[in-house]
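# Summary of structural features
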Amino acid sequence: MAIIEVEQKDQITLRVDVIDIGLLHLLETRYVVLIEQRENDIVIELYTKEHGDS
C-alpha cells in the first residue's frame, strides 16, 4: 500500500510498506529518488530531475 502526499511544489512523497525494485528503477529514470525509514514507514521522496541530469 502506498500513500502519496504533495508536500512541496517540486517534491512528491510516497509512504510504502515494501519497495518494488522494478518500480524504483522506473522512478529513477524520471526523478531523483531519496529513500529513508521514518518510524514504521519507508518514505520515498521524488524530486524532478533537471534537464542536464541522466
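Shown above is the structure to which this text applies.
Scope of this entry: the structure provided in the associated data block. The written sequence of each chain sets the order in which its residues are numbered from 1. Given that this is a predicted model, residues contribute local features only at a pLDDT of at least 70 and side-chain atom pairs are listed and counted only at 80 or more, while totals for whole chains, interfaces and linings are drawn from all residues. To get the side-chain values, take all heavy atoms of the structure and skip hydrogens and water.

### Thoughts on the overall build of the chain
Here is the rule: Think of it this way: any DSSP run of H or I at least four residues long counts as a helix, any run of E at least two long counts as a strand, and we number them from the N terminus. Relative accessibility under 20% of the residue-type maximum defines a buried residue, over 50% an exposed one, and the middle range a partly exposed one, all with a 1.4 Å probe and only protein chains included. Residue-level accessible areas treat just the shown protein chains as cover; the underlying method is Shrake-Rupley with a 1.4 Å probe.
Counting its secondary structure elements, the chain contains 1 helix and 4 strands. Seen in sequence order, the chain has helices and strands lined up from the N terminus as β-β-α-β-β. Taken across its 54 residues, the chain has 26% of its residues classed as buried. Looking at the chain as shown, the accessible area adds up to about 4,400 Å², and 53% of this sits on carbon and sulfur atoms.

### Brief notes about the environment of Asn-40
By the secondary structure assignment, Asn-40 is in the loop between strand E3 (31-38) and strand E4 (41-48). Given a relative accessible area of 75%, Asn-40 falls into the exposed group. Along the primary structure Asn-40 and Val-16 are separated by 24 residues, whereas in three dimensions their C-alpha atoms are 9.5 Å apart.

### Here we look at the pairing of E4
Put simply, the test is: The pairing criterion for strands is at least two bridges between them, as found by DSSP.
Bridge count between E3 and E4: 8 bridges; the pairing is antiparallel. Across the sheet, Val-32 pairs through a bridge with Tyr-47, a residue of E4. Here E3 hands over to E4 after 2 residues, with Glu-39 in that stretch at a positive phi of 55°.

### Details of the side chain of Lys-49
Definition in use: Definition of a polar contact: a pair of N or O atoms within 3.5 Å, with one able to donate and the other able to accept a hydrogen when the atoms are protein atoms, and with sequence-neighbouring residues admitted only if both atoms are side-chain atoms.
Tracing the backbone through its elements, the reader meets Lys-49 in the segment after E4. Relative accessible area serves as the criterion here: at 18%, Lys-49 is assigned to the buried category. Within the local environment of Lys-49, its side chain forms a polar contact with the backbone oxygen of Glu-28, the two atoms lying 2.9 Å apart.

### Some details on the pattern of salt bridges
Keep this limit in mind: By salt bridge we mean one thing: a side-chain nitrogen of Lys or Arg within 4 Å of a carboxyl oxygen of Asp or Glu.
Summed over all chains, the structure comprises 2 salt bridges. Measuring nitrogen to oxygen at the nearest pair gives 3.3 Å for the salt bridge that ties Arg-38 to Glu-36. Looking at Glu-36, the relative accessible area reads 39%, which means it is partly exposed. Here Glu-45 makes a salt bridge to Arg-38, at a shortest N to O gap of 2.5 Å. By relative accessible area, which is 26% here, Arg-38 ends up partly exposed.

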